[in-house]
Amino acid sequence: MDGTENNLRLFPKKDARLYMSFMYVTFVSLLVGGLMGLLQTFVRSGRFTLPFNINYYTILTVHGVILGLVLTTFFILGFQFALMGKTVGISDKQRNAGWVSFWMMLVGTIMAAVTILVGEANVLYTFYAPLAAHPAFYIGLALVIIGSWVGAFTNFRQLYVWKKAHKGEKSPLLAFMVVINMLMWVIASLGVAIAVVVQFIPWSLGYTETINVLVSRTLFWYFGHPLVYFWLLPAYMAWYAIIPKIIGGKLFSDSLARLAFILLLMFSIPVGFHHQLTEPGIDPTWKFIQVVLTMMVVIPSLMTAFSIFATFEITGRKKGFSSLFGWFKKLPWGDVRFFAPFVGMAAFIPGGIGGIINASHQMNALVHNTIWITGHFHLTIATTVILTYFGIAYWLVPHLTGRRLTKQLNKLGIIQTIIWTVGMTIMSTAMHIQGLLGGPRRSAYSEYAGGAQVDTWIGYQLAQAIGGTILFIGILLMTYIFIKLAFFAPRGVEEFPIAAEDEDAQKTPKILENWYVWIGITIALIAFAYTIPMIDIIKHSPPGSVPFKWPIGRM
Ligand code: HEM
Ligand SMILES: [Cu+2]
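Quick notes on the rules
- Residues numbered from 1 in each chain as written.
- Chains lettered and ligands numbered in written order.
- Predicted model: local features only at pLDDT ≥ 70, side-chain atom pairs only at ≥ 80, totals over all residues.
- Heavy atoms only, no water.
- Donors = N, O, S within 2.8 Å, 3.2 Å for Na, K, Ca; no water.
- Buried < 20%, exposed > 50% of the residue type's maximum accessible area, 1.4 Å probe, protein only.
- Near = heavy atom within 4 Å.
- Polar contact = N/O pair within 3.5 Å; in protein donor to acceptor, adjacent residues only side chain to side chain.
- Helix = DSSP H or I, 4+ residues; strand = E, 2+ residues; numbered from the N terminus.
- Nonpolar A, V, L, I, M, F, W, Y, C, P; charged D, E, K, R; others polar.
- Contact = heavy atoms within 4.5 Å.
- Core = buried A, V, L, I, M, F, W, Y, C linked by side-chain atoms within 4.5 Å.
- 1 Å grid on protein atoms, 1.4 Å probe; cavity = no way out; pocket = protein on both sides within 12 Å on 5 of 7 lines; lining within 4 Å.
- Points joined across faces, edges and corners; volume = space filled by probe spheres on them.
- Tetrahedral: all angles 85-135°; square planar, octahedral: opposite > 155°, others 65-115°.
- Phe/Tyr/Trp six-rings, centres within 6.5 Å; stacked < 30°, edge-to-face > 60°.
- Lys NZ or Arg CZ within 6 Å of the ring centre and 35° of its normal.
- Patch = residues over 30% accessible without salt bridge, like charges linked within 9 Å, V, L, I, M, F, W, Y side chains within 5 Å.
- Areas by Shrake-Rupley, 256 points an atom, 1.4 Å probe, with all protein chains shown as cover.
- Salt bridge = Lys/Arg side-chain N within 4 Å of Asp/Glu carboxyl O.
- Axes fitted to C-alpha atoms, helices over the stretch in contact; angles between N-to-C directions.
- Parallel < 35°, antiparallel > 145°, perpendicular 65-115°, else oblique.
- Left-handed = near helix turned anticlockwise from the far one by under 90°.

Novice: Which parts of the structure should I look at to understand the coordination of the copper ion (ligand 2)?
Specialist: Reference geometry at the metal: tetrahedral coordination by four donors gives ideal angles of 109.5 degrees; octahedral coordination by six donors gives 90 or 180 degrees. Taken together, His225 (ND1), His274 (NE2) and His275 (NE2) make up the protein donors of the copper ion (ligand 2), found 1.9 to 2.0 Å from the metal. Along the chain, the residues donating to the copper ion (ligand 2) fall in the pattern H-x48-H-H. What makes His274 buried here is its relative accessible area of 8%. On the accessibility criterion, His275 (25% relative accessible area) is partly exposed.

Novice: In this structure, what is going on with the site of ligand 1? I would like to understand it.
Specialist: Around ligand 1, the surrounding shell holds 27 residues, and the nearest of these are Tyr56, His63, His378, Arg441 and Arg442. In the environment of ligand 1, a nitrogen atom lies 3.4 Å from a nitrogen or oxygen atom belonging to the side chain of Gln40. His63 is positioned such that a nitrogen or oxygen atom in its side chain is 2.7 Å from a nitrogen atom of ligand 1. Breaking the shell around ligand 1 down by element, the ones donating at least two residues are α2 (13-45), α3 (56-87), α15 (371-401), α16 (407-436) and α17 (458-488). Looking at the shell around ligand 1 residue by residue, the class counts come to 15 nonpolar, nine polar and three charged.

Novice: Where do I start with the side chain of Thr109 in this structure?
Specialist: Examined against the element boundaries, Thr109 turns out to sit in helix α4 (residues 92-117). Overall, the relative accessible area of 10% leaves Thr109 in the buried class. A polar atom in the side chain of Thr109 sits 2.8 Å from the backbone oxygen of Met105. If we ignore the near neighbours within four places in the chain, the residues touching Thr109 are Val70, Phe74 and Val144.

Novice: Just checking my understanding: could you explain the nonpolar core for this structure?
Specialist: Most often, soluble globular proteins keep nonpolar side chains buried together rather than apart. One finds Phe127, Phe137 and Phe312 to be the most contacted residues of the largest nonpolar core, which totals 184 residues. For this core, the leading source of residues is helix α6 (residues 173-205), giving 21 residues. Residue contacts for Phe137: discarding those within four places in its chain leaves Val65, Ala112, Thr115, Ile116, Ala121, Val123 and Phe127.

Novice: Sorry if this is basic, but what is going on with the side chain of His63 here?
Specialist: Locating His63 in the fold gives a position in helix α3. Here the side chain of His63 touches Gly33 through a polar contact of 2.8 Å, landing on its backbone oxygen. If we skip the residues at most four places from it in the chain, His63 touches Gly33, Met36, Gly37, Gln40, Gly68 and His378.

Novice: I tried to follow unusual backbone geometry on my own but got confused; where do I start?
Specialist: Negative phi values dominate among residues other than glycine, just as trans dominates among peptide bonds. Of note, the amide linkage connecting Ala129 to Pro130 takes the cis form, showing an omega dihedral of 10°. Mapped onto the fold, Pro130 is located in the loop between α4 and α5 (135-165). Of note in this structure, Asn53 is not a glycine but carries a positive phi near 60°. With respect to the helices and strands, Asn53 occurs in the loop between α2 and α3.

Novice: Sorry if this is basic, but what is going on with empty space enclosed by the protein here?
Specialist: With a probe scaled to a water molecule rolled over the atoms, the places where space remains empty come into view. Applying the stated criterion across every chain, the model contains six cavities of 30 Å³ or more. As a volume, the largest cavity reaches approximately 180 Å³. Lining the largest cavity are 18 residues, with Leu69, Leu141, Val144, Ile145 and Phe223 sitting closest to its centre. Only α3, α4, α5, α6 and α7 (213-241) provide two or more residues apiece to the lining of the largest cavity. Examining the composition of the lining of the largest cavity, we find that five residues originate from one element, α3, more than from any other. For the lining of the largest cavity, the residue count by class is 16 nonpolar, two polar and no charged. Taken as a whole, the second largest cavity holds about 60 Å³ of empty space. What lines the second largest cavity is simply Leu173, Trp239, Tyr240, Pro244, Leu251, Phe252, Ser253, Ala257, Ser307, Ile308 and Thr311. Going through the elements one at a time, α7 and α11 (298-318) are the ones with two or more residues in the lining of the second largest cavity. Looking at the lining of the second largest cavity element by element, the count peaks at three residues for α11.

Novice: What should I look at first to understand the coordination of the iron atom of ligand 1 in this one?
Specialist: Around the iron atom of ligand 1, the protein supplies His63 (NE2) and His378 (NE2) as donor atoms, at distances of 2.0 Å. With six donor atoms in place around the iron atom of ligand 1 and angles of 86 to 179° between them, the coordination shape is octahedral. On the criterion of sequence distance, the pair formed by His63 in helix α3 and His378 in helix α15 is long-range, its members being 315 residues apart. The buried category is assigned to His63, whose relative accessible area is 14%.

Novice: What's the story with the packing of aromatic side chains in this structure? I'm lost.
Specialist: Given two aromatic rings, their pairing is described by the distance between the two centres and the angle made by the two planes. Within this structure, the stated rule accounts for 50 aromatic pairs. On the numbers, 5.6 Å between centres and 35° between planes, the contact of Phe338 with Phe342 is tilted. Of this pair, Phe338 and Phe342 both sit in helix α13 (residues 336-359), four residues apart, roughly one helical turn. Three or more aromatic residues link up through ring pairs in this structure, and these residues are Phe127, Phe137, Tyr138, Trp185, Phe200, Trp203, Phe220, Trp221, Phe223 and Phe230. Here the guanidinium or amino end of Lys86 rests over the ring plane of Phe11, the centre of that ring lying 4.7 Å away. The ring of Phe176 is capped by Arg258, whose NZ or CZ atom sits 4.9 Å from the centre of that ring.

Novice: What exactly am I supposed to notice about a nonpolar patch on the surface here?
Specialist: A contiguous nonpolar surface patch, about 400 Å² in accessible area, is contributed by Tyr24, Ile483, Phe487 and Phe488. Per element, the largest residue contribution to the nonpolar patch is three residues, and it comes from α17. Within the element layout of this structure, Ile483 appears in helix α17. Judged by its relative accessible area of 36%, Ile483 falls in the partly exposed class.

Novice: How do you make sense of the pattern of salt bridges when you look at a structure like this?
Specialist: Side-chain pairs of opposite charge can arise where the charged atoms are in close proximity. The tally for this structure, following the rule as stated, stands at 15 salt bridges. Linked by salt bridges that have partners in common, Lys163, Lys170, Asp254, Arg258, Glu501 and Glu513 make up one network.

Novice: Is there a simple way to explain the packing of α6 against α7 in this structure?
Specialist: Any two packed helices are characterised by the angle at which their axes cross and by the distance between the axes. Two elements in contact, α6 and α7, have axes separated by 9 Å at closest approach and are oriented at 160°. It follows that α6 is roughly antiparallel to α7 by the angle criterion. Regarding α6 and α7, the two cross each other, and that crossing is left-handed. Each residue belonging to the contact of α6 with α7 can be placed in one class, and the counts come to 28 nonpolar, five polar and no charged.

Listed below in structure tokens is the structure:
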């Protein structure tokens, strides 16, 4: 069975409606967040000031929260629900739980967004203490997290029910991957949930006078690094299990894909200190240990790169291209469902190299808190991940709405991808260079009292405004394509492309589905990496801090 029939069968309307709801929030977020990004580059160019006395940190907080936290989480939950629905099915009860998850997250998002927009939460998406926001901001965030847990446990239940009905069978690969990602998410977001509920909410309400700053930041980054893998794994799902189908091939290796995901689960969480390398109060030995654990993620990353290119080559050669690189030319470059994610993969090469630089203690000292970092994550999250999400949306949205990705929309998608690539190359390169020259991130325009070095930045800031403008045009085009696919494209059936295994593939070892083992090792690694330094941090902590509402938090 190669699953083609199932790939072409549309979801029942009531299922599709749930999955689409997540997509609407995603694309509204893209438009709103993107506009803020554009304004940021304008302000930083020095040629533009925000109207109506709007604070730079208000728009920067909107941008970071809406794009980094809201867009991603909604897209991921929607996509993963669709994957689960396709591979293991959804019951009425589970669908209702999906709606509870959606509405909790939406109410939380609206609470946080309104609080930011009225200027009561200029604390950026990392909400570092001792900057203090209005309690509604933190309560909104807590709702988003708890809502996502409802989604996670629904996904766990979906696979569990399927397993019970299919005794002895291995779980569908994509369902397995979704469960890994949600496991990682639940384990990681426990940290930020504790920070928000135990520390920030009582402190912002005035029930506690002070907050332990280092504990709150450590809990944030315990969550913050796996957060980036939470964004990335859905892209990997598409690279491993969807793209092979789009290019007319088969899955490269079911076992390798599962093993890579397990390694990502194990090595994504016990590494948060690599974001705190310049933070005093954390023992350097433990920073070193967490950096070593960070570098372990190179293994599943290279496994992924290897298996993707192997799929490309095998598929090409099966089609009869025998020269060394002939198969490469014959990949379906004109198909946006392939082209957009492919550009994303390519961007991950410089993105990954930059990541190794950031995580290395000595080099981190050079780039820490410079706009280099912003350049780095616009390559990774805002190119690799986002272009893959767009690549998914081109077939997922019409599959959900019962419409077709027409030739013309496909072409617009290709143009969209090229616009994004050009805009991001300009903006991200300029950010990287300006960062090396010492230009700070998270800063409105300033001449810094006429320092000589500051003169070297302005050209790059102008370049960022040019790149940002091109990117925003890309966002407008993407919004247009989304609206077409959701409401106006001709009716029909768009494939839900899931790749099948080769008939003669080796059997997947049972151990790969032994959840006790993998969760056990993950928890052991976290306990190893965090217990002693956490005790250290708490035992030796300086007095806590009262809330700071000025100069930026709330005003
Ligand atoms: C029109 C496209 C975009 C433009 C022009 C843009 C521009 C910018 C700029 C200039 C900054 C840094 C500002 C500063 O540090 O002072 C920034 C920060 C950021 N961007 Fe973007 N961006 C775009 C798209 C995206 C996308 C698609 C994402 C994620 C999906 C994203 C996520 C972020 C995050 C998380 C920050 C960090 C905010 C912070 O430091 O608090 N951006 N963006
Ligand atoms: Cu990290």
